[in-house]
Amino acid sequence: MQNQVTALCLAGGLLLGASTVHAALPDSARLYKNPSCGCCETYARHLESSGIDVEVIDSQPMGQIKEAAGIPYGQGSCHTVMMDGYVIEGHVPVAALEMLFEQRPEIDGIGLAGMPQGTPGMPGQQLAPYEVYQFTDGQATPFMTL
């Protein structure tokens, strides 16, 4: 009986911890992309699977959007997401989003340069660590490695 009570308490604690992590993520996001890009749609579905309502905006002037968002030169990707006051550039895994919204640092946003294989929305398996950067005023510094 004691073992069952301990197991139930442990399971309850794990479930509470899991819901706390997801509670840190915003309810909605706006994803800007080129109309012809399919991997961006897949990334939007990835965010939705984490409980985020995603508005997808097909926009041709992506360079202007990235410049206005302060994406550091050479650190761009195929889509830009606006989420609860932060800019998310590229195929950033949800683990990095969870850390961002738990810590809420005073930065403009985070990103993952290029379109690395195996990231959410991109086919294949991860070949190397994902180097997620943070940026403020167009300057990038490391945020986390996944």
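In the block above lies the structure referred to throughout.
Residues numbered from 1 in each chain as written. Predicted model: local features only at pLDDT ≥ 70, side-chain atom pairs only at ≥ 80, totals over all residues. Heavy atoms only, no water.

I keep staring at helix H2 (residues 38-48) and nothing clicks. Help me out?
One turn of the α-helix equals 3.6 residues, which is why residues spaced by three or four share an orientation. Three or more residues of H2 are buried, namely Cys39, Cys40, Tyr43, Ala44 and Leu47. Buried residues along H2 cover an arc of 150 degrees about the axis, so they all sit on one side. Check the buried side of H2 and you find it contacts strand E1 (28-33), strand E2 (53-58), strand E3 (79-83), strand E4 (86-89) and helix H4 (94-103). (Buried < 20%, exposed > 50% of the residue type's maximum accessible area, 1.4 Å probe, protein only. Helix = DSSP H or I, 4+ residues; strand = E, 2+ residues; numbered from the N terminus. Arc of directions from axis to C-beta. Contact = heavy atoms within 4.5 Å.)

Sorry, what's going on with the pairing of strand E6 (residues 131-136) here?
Here is the key point about a regular strand: its side chains alternate between the two faces of the sheet. Bridge count between strand E5 (residues 109-111) and E6: three bridges; the pairing is antiparallel. Bridge pairing in E6 links Ile110 to Gln134. Sheet topology places E6 next to strand E7 (residues 139-145); six bridges connect them, and they run antiparallel. The partner of Val132 across the bridge, within E7, is Met144. What sits between the antiparallel neighbours E6 and E7 is a turn of two residues, in which Asp137 has the positive phi angle 50 degrees. (Pairing = 2+ DSSP bridges.)

In this structure, what is going on with the sheet that holds E4? I would like to understand it.
Backbone hydrogen bonds hold the strands of a sheet together, and the pairing may be parallel or antiparallel. Taking strand neighbours across the sheet as the criterion, the seven strands line up as E2-E1-E3-E4-E5-E6-E7 in an open arrangement whose pairing is mixed. Two strands close off the open sheet at either side, each with one partner strand: E2 and E7. Each strand axis lies, on average, 25 degrees off the axis of its neighbour in the sheet, ignoring direction. Pairing of E1 with E3 involves four bridges; the strand directions are antiparallel. (Axes fitted to C-alpha atoms, helices over the stretch in contact; angles between N-to-C directions.)

Explain the nonpolar core here, please?
Nonpolar side chains tend to gather and get buried jointly when the protein is soluble and globular. By size, the foremost hydrophobic cluster in this structure holds 30 residues, and its most contacted members are Met83, Ile88, Val92, Leu97 and Ile110. When residues of this core are traced back to their parent elements, those giving at least two are E1, H2, E3, E4, H4 and E7. Those residues within four positions of Leu97 in sequence are excluded, and the remaining contacts are Leu25, Tyr43, Leu47, Met83, Ile88, Val92 and Ile110. Ala69, Val87, Tyr133 and Phe135 belong to the second-largest nonpolar core, a separate cluster that totals five residues. (Core = buried A, V, L, I, M, F, W, Y, C linked by side-chain atoms within 4.5 Å.)

Is there a simple way to think about H4 in this case?
Turning to H4, its buried residues are Val94, Ala96, Leu97, Glu98, Leu100 and Phe101. Positive backbone phi, approximately 45 degrees, marks Arg104, located one or two places after H4.

Looking at this model, I keep getting lost on the pattern of salt bridges. Mind explaining?
It is possible for side chains of opposite charge to pair when their charged atoms get near one another. In total, this model carries seven salt bridges according to the counting rule given. Residues Glu89 and Lys66 are paired through a salt bridge, measuring 2.6 Å at the closest nitrogen-oxygen approach. One end of the pair, Glu89, is in strand E4; the other, Lys66, is in helix H3 (residues 62-69), with 23 residues separating them in the sequence. Like Glu89, the residue Lys66 is buried in the burial classification. Overlapping salt bridges bring together Lys33, Glu41, Arg45, Glu48 and Asp58 as one network. (Salt bridge = Lys/Arg side-chain N within 4 Å of Asp/Glu carboxyl O.)

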